[in-house]
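# Overview (structure and organization)
Each chain, letter by letter, is given below.
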Amino acid sequence: MADQRMIVVGGGLAGLMTTIKIAEMGVPVDLFSVVPVKRSHSVCAQGGINAAVNWKGEGDTPLVHFDDTIYGGDFLANQPPVKAMCEAAPGIIFLLDRMGVTFNRTPEGLLDFRRFGGTKHHRTAFAGATTGQQLLYALDEQVRRYEAAGLVRKFEIWEFLSAILDGTGTCRGIVAMNQRTMEIQSFLGGGVMLATGGPGIVFGKSTNSMVNTGTAAGAVYQQGAFYANGEFIQVHPTAIPGEDKLRLISESVRGEGGRVWTVKDGKPWYFLEEMYPAYGNLVPRDIATRAIFKVVFEMNLGVNGEPMVYLDVTHIDPHTLERKLGGVLEIYEKFMGDDPKKVPMKIFPGMHYSMGGLWVDYNHMTNIPGLFASGEVDYQYHGANRLGANSLLSCIYSGQIAGPHMVRYGHGSAVNGAAEKAAELEKKRQEDTYTKLRKLNGKENVFVLAKELGEWMTANVTVIRDNDKLRATDNKLLELKERWGNIGLHDQSGWANQELSFIKQLWNMLELARVITLGALQRNESRGAHYKPAFPERDDANFLKTTKARWSSDGPELSYEDVDTSQIKPRPRKYDVDKTAA
Amino acid sequence: METRSIRVRVKRQNGSDAAPYWEEFEIPYKPQHNVISVLMEIRRNPVTRDGKNTTPVVWESSCLEEVCGACTMLVNGHVRQACTALIDKLEQPVTLEPMTKFPVVRDLQVDRTRMFEALKKARAWVPIDGTYDLGPGPRISPQTQEFAYKLSRCMTCGCCLEVCPQYNDTTNFVGAATMAQVVLFNLHPTGEMNKDERLEVMMGNGGIAECGNAQNCVQVCPKEIPLTTAIGELGRQTTVKLIKDLLWR
């Protein structure tokens, strides 16, 4: 349909790329975001974006990138889409370059590339240490161009509440709420993209932005969308703890030569270099995080007895640091007061990224026809552990392929009476929900409940997992769900009521928390970021499988789907020695 | 002075047209608090210092790493991001107020739509042919990249406009942030092809002529963007264009 509109929810890299692709085909887009899109969480990505262009003559190829990604993800990702992504990566970097991203340059004026974890190659293009911000701005500018041309309508400060499903279970649009007027409205579209990011706030304090509650994914999960591999949560080895959040110190710091150490027998001990001689400080994140946990908790060698170790760049030339890592070192100095060019940084691991997310097919459609997902909210590219600088790539790549698929899909589904009727019903359902929420007058404070949720999830469902503790956590989640019904709403205002919105978000977060916790409980093996000391080995016979959670009123129903390993045969994953060829 | 608690005064406002009022809060001292974590603590127990139940304070924030620009407000009278405002470095009671150059939505939240509209008006983008695989972009020297990167870190936070005497609701002035973006896009080899379009906007109503050269903007920019250098460069570019236009008319 020429007059058909598409709906994109989320204005980070994945949502903006989807929008650009659709608009470029001449199809109008309604773009929804809880924040002005330029403030989306993609701005937080620091280190860079991967593409095997081999501009350093190291013999890098998209196939090596593909193998590093699959191996880094401990073979849990379906291989065909990962291969396609790695092949598309150089083209994506060139596109971003043409859009004017201020990538760092070599003396010849070419794009510069640096090293990142889990690879031996200089494969990461970067713009200082604020690459995500620079990429987001480039896409934001292109979307603004389409907005000025009338092809994109922005609905900023609107929150997605639910999908509109017609009688056949097909997604026909969305119901959303204006976060200022608190008005609820329905919007119809030929296809709906959810590019709503990860669920970091489920863990309370993480490296994520405040908007990353996972509420949209939680909402459609309760409407029947499958959530896959929820238990795979990446804890980044180098963050700085804070009262409000954990701030990321980019892996690029190690990519540029930063060394991790602690004091042992009165001397610096570069434990990653000693434990993993082949990759040293550039082991993948799950490996580095567990090593830091071992040093701090098993060997009691944290700096000054505290849970922290050093990340040291004081041996690197200050001008190089300024040029390549300026943004991230500046964050450390602003929050901690020390200049990392002179004093080693003190860091500790922090929850960072969800490899799991909404289940999608290779065209990024969920199991609900017409509902698509791209970016961190999908589960497609990172298996059991994501390699650094692959997330910006997967966001852009997934948006790039999903946009055209949405348009192709949308041609068959015109707006009609059935869609309008479904929209009316869903809008009514949401209005009724909020009418009830406004009457909540119990004793619990929604923000206190969220804090408890975060503390339990961080303590029991991150780096080290134990089945008894996971069971206890699920019981806690059930308790929190019950207490949720006893929340008291302080703010009765009908204008910009953040507390009211957060009550609904917390419910969706609790639903996702159960998926994450029970997925971890049932997976009795260790793979990538999922580590159970009681089951220390990878168990391909039983668990080389995607976890799929389906909502039911009794809690998530888990099933397992085979992984497509047609390209690279699974082999043991080790980083103390060089990675063997595929 | 021994501080065992943290005191905060918040200027509150229920809506755009409502009258503002002040509320004071006190929470137990902890090291490493910033303005955001204090506001979070308050919403977990929204009671004022004199024991009155109130509503959680409304504010805007997202990244908390000073890269998104969302949490800009006046902290002890100075415009800045609240996330990097560490309590240990602030005089107490800490006063929090919304920015004054934009319409207040509620409490500390303001509506900065005007800034994004200015970027649209200034055509602040590189007009690419399409997103197809058309090969690498133009070569750029490391020196040019370093300058462009500085300009490109603008978060559209609005600090520069808050302190600008010329930026208010009676003029259409776009302000330093947008002017620096024009210089950024005119610097890019592809963006330069549409330089004249952007300069025409900057030579019109609300453009560079409105700049009073107060130079407050560069002092408060949290990303230390060389705003006055950029404005100087824009002045040069518009002057050159003016002369060319006169000669070739």
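From a predicted model like this one, the values you see are computed outputs, not experimental measurements. Numbering of residues starts from 1 in every chain and runs along the sequence as written. Throughout, the order in which chains and ligands are written sets their labels, letters from A for the former and numbers from 1 for the latter. Restriction of local features to residues with pLDDT of at least 70 applies here, the model being predicted, together with a cutoff of 80 or more for giving and counting side-chain atom pairs; totals for whole chains, interfaces and linings are based on all residues.

## Considerations on the overall build of chain A
- Secondary structure elements are defined from DSSP: runs of H or I of at least 4 residues count as helices, runs of E of at least 2 residues count as strands, and each element is numbered from the N terminus. If you tally the helices and strands in chain A, you get 15 helices and 21 strands.
- Both definitions apply: the radius of gyration is a C-alpha atom measure, and the globule rule equals 2.2 Å times residues to the power 0.38. Relative to the globule expectation of 25 Å for 582 residues, the C-alpha radius of gyration of chain A, 23 Å, shows essentially globular dimensions.
- Overall, the C-alpha framework of chain A stretches about 70 × 55 × 50 Å when taken along its three principal axes.
- Burial in this document is a count-based property: other C-beta atoms within 10 Å of a residue's C-beta are tallied, and the residue is buried at 20 or more, exposed at 12 or fewer, or partly exposed in between, with C-beta positions derived from the backbone. Expressed as a percentage of the 582 residues in chain A, the buried residues total 63%.
- Once C-beta atoms have been placed from the backbone, residue pairs whose C-beta atoms lie within 7 Å are recorded as contacts. Within chain A, contacts between residues at least 6 apart in sequence are counted, and of these 73% link residues at least 24 apart.

## Some points on the overall build of chain B
- Per the secondary structure count, chain B includes 8 helices and 7 strands.
- Split into buried and exposed, the 249 residues of chain B put 49% on the buried side.
- In chain B, the share of contacts with a sequence separation of at least 24, taken over all contacts with a separation of at least 6, comes to 63%.

## Topic: the interface of chain B and chain A
- Contacts between chain B and chain A engage 58 residues on the former and 58 residues on the latter.
- Of all the secondary structure elements, the ones that give two or more residues to the side of chain B that touches chain A are helix H1 (35-43), strand S6 (104-106), helix H2 (113-121) and helix H3 (142-152) of chain B.
- Here the element with the most residues in the side of chain B that touches chain A is H3(B); it accounts for 6 residues.
- Following the grouping adopted for this structure description, the nonpolar residues are Ala, Val, Leu, Ile, Met, Phe, Trp, Tyr, Cys and Pro, the charged ones are Asp, Glu, Lys and Arg, and the polar ones are all others, Gly among them. Each residue belonging to the side of chain B that touches chain A can be placed in one class, and the counts come to 24 nonpolar, 23 polar and 11 charged.

## Let's talk about the pairing of strand S8 (residues 171-178) of chain A
Residue and element names in this part refer to chain A.
- The buried fraction of S8 amounts to 7 of the 8 residues, a majority that puts the element mostly inside the structure.
- As judged from the 7 bridges shared by strand S7 (residues 158-165) and S8, these two strands associate in the antiparallel manner. Bridged to Phe160 within S8 is Ala176.
- Remark: 5 residues form the turn of the hairpin made by S7 and S8, two consecutive strands paired antiparallel; Gly169 in that turn has positive phi of roughly 80°.
- Two strands pair if DSSP finds at least two bridges between them. In terms of strand pairing, S8 meets strand S9 (residues 184-188) through 5 bridges, oriented antiparallel. The residue of S9 that forms the bridge with Ala176 is Gln185.
- What sits between the antiparallel neighbours S8 and S9 is a turn of 5 residues, in which Met182 has the positive phi angle 65°.

## Details of the sheet that holds strand S6 (residues 152-156) of chain A
All names here are of chain A.
- The 5 strands lie next to each other as S6-S2-S1-S10-S19, forming an open sheet whose pairing is parallel. Edge strands, defined here as strands with exactly one partner in the open sheet, are S6 and strand S19 (371-373). This sheet shows a mean twist of 20° between the axes of neighbouring strands, independent of strand direction.
- Relative to S6, strand S2 (residues 29-33) is paired through 5 bridges, and the arrangement is parallel. When the bridges of S6 are listed, Ser33 appears paired with Glu156.
- The axes are straight lines fitted to the C-alpha atoms, using for helices just the contacting stretch, and the angles between their N-to-C directions are given from 0 to 180°. Helix-sheet contacts for helix H10 (residues 391-410) involve strand S1 (6-9), strand S10 (192-194) and S19, and the interaxial angle to S1 is about 145°.

## Things to note about unusual backbone geometry
- Cis rather than trans, the peptide bond between Gln92(B) and Pro93(B) has omega equal to -5°.
- For Pro93(B), the location among the structural elements is in the loop between strand S4 (78-81) and strand S5 (94-97).
- A positive phi angle, close to 55°, is found at Asn300(A), a residue other than glycine.
- You can see Asn300(A) is positioned in the loop between helix H8 (285-298) and strand S16 (309-312).

## Brief notes about the sheet that holds strand S3 (residues 49-50) of chain A
All names here are of chain A.
- Read across the open sheet, the 3 strands follow the order S3-S5-S4; overall the sheet is antiparallel. In this open sheet, the two edge strands, each paired with only one partner strand, are S3 and strand S4 (113-115).
- Examined bridge by bridge, S3 and strand S5 (residues 122-125) share 2 bridges and lie antiparallel to one another. Bridging across to S5, Asn50 finds its partner in Thr124.

## Quick word on H3(B)
- Buried residues of H3(B): Gln145(B), Ala148(B), Tyr149(B), Lys150(B), Leu151(B) and Ser152(B), and no others.
- Where H3(B) is buried, its residues touch helix H4 (131-148) of chain A together with helix H5 (175-187) and helix H8 (227-247) of chain B.

## Quick notes on the nonpolar core
- In plain words, the nonpolar core is the set of buried Ala, Val, Leu, Ile, Met, Phe, Trp, Tyr and Cys residues that C-beta atoms within 7 Å link up. Counting 266 residues, the largest nonpolar core has Val9(A), Leu194(A), Leu358(A), Met179(B) and Ala180(B) as its most contacted members.
- No other element matches the 13 residues that helix H14 (residues 498-522) of chain A contributes to this core.
- All the domain ranges listed were derived from an automatic or database domain assignment. When residues are assigned to domains, this core turns out to be shared by domain 1 (5-110) and domain 2 (113-247) of chain B, each giving three or more.
- Ignoring any residue separated from it by four or fewer positions in sequence, one finds Met179(B) in contact with Val174(B), Met202(B), Ile208(B), Ala230(B), Ile231(B) and Leu234(B).

## Quick notes on the pairing of S1(A)
Residues and elements named next belong to chain A.
- Burial along S1 is two-sided: the face carrying Met6 and Val8 and the face carrying Ile7 and Val9 are both buried.
- One ladder, built from 4 bridges, connects S1 with S2; its direction is parallel. Directly across from Met6, in S2, lies its bridge partner Val29.
- For the segment spanning S1, helix H1 (residues 13-24) and S2, crossover handedness is right-handed.
- Summarising the sheet, S1 and S10 pair through 3 bridges and their orientation is parallel. A clockwise path from the first strand over the helix to the second, with the strands pointing away from the viewer, defines a right-handed crossover.

## Things to note about the environment of Arg180(A)
- Of note, Arg180(A) is situated in the loop between S8 and S9.
- The exposure class assigned to Arg180(A) is partly exposed, which follows from the 17 C-beta atoms found within 10 Å.
- The residues contacting Arg180(A), other than those within four sequence positions of it, are Ile157(A), Trp495(A), Ala496(A) and Val105(B).

## As for the domain arrangement of chain B
Residues and elements named next belong to chain B.
- Partitioning chain B into structural domains gives domain 1 (5-110) and domain 2 (113-247).
- Each of domain 1 and domain 2 was reduced to a C-alpha centroid, and the two centroids are 31 Å apart.
- With 12 residues of domain 1 at the contact, the number on the domain 2 side is 13 residues.
- When residues in the side of domain 1 that touches domain 2 are grouped by element, the largest group, 3 residues, is from S4.
- Taken together, the residues that form the side of domain 1 that touches domain 2 break down as 5 nonpolar, 4 polar and 3 charged.

## Some remarks on the packing of H5(B) against helix H6 (residues 195-203) of chain B
Residues and elements named next belong to chain B.
- For the pair H5 and H6, the least separation of the axes is 10 Å and the interaxial angle reads 165°. Accordingly, the angle class assigned to the pair H5 and H6 is roughly antiparallel. Between H5 and H6 lies a crossing of left-handed hand. Where H5 approaches H6, its residues Met179, Val182, Phe185 and Asn186 are matched on the opposing element by Lys195, Arg198 and Met202.
- In terms of residue class, the contact of H5 with H6 is made up of 4 nonpolar, 1 polar and 2 charged. Angle categories are assigned with fixed cut-offs, so that under 35 degrees is roughly parallel, over 145 is roughly antiparallel, 65 to 115 is roughly perpendicular, and the rest are oblique. The crossing is said to be left-handed when, going from far helix to near helix, the turn is anticlockwise and less than a right angle, and right-handed when the turn is clockwise.

## Section: H5(B)
Residues and elements named next belong to chain B.
- Compared with the 18 Å implied by 1.5 Å per residue over 13 residues, the 19 Å span of H5 between its first and last C-alpha is a close match.
- Turning to H5, its buried residues number three or more, namely Gly175, Ala176, Ala177, Thr178, Met179, Ala180, Gln181, Val182, Val183, Leu184, Phe185 and Leu187.
- Tucked into the core, H5 has its buried residues touching H2, H3, helix H4 (159-162), H6, helix H7 (216-220) and H8. Every helix has an expected span of 1.5 Å times one less than the residues it contains.

## A few points about the confidence of the model for chain B
- One confidence number per residue, pLDDT, is output by the predictor and ranges from 0 to 100. Averaged over every residue, the pLDDT of chain B is 96; residues scoring 70 or more account for 99%.
- Both scores are given for the predicted complex: the pTM is 0.97, the ipTM 0.97.

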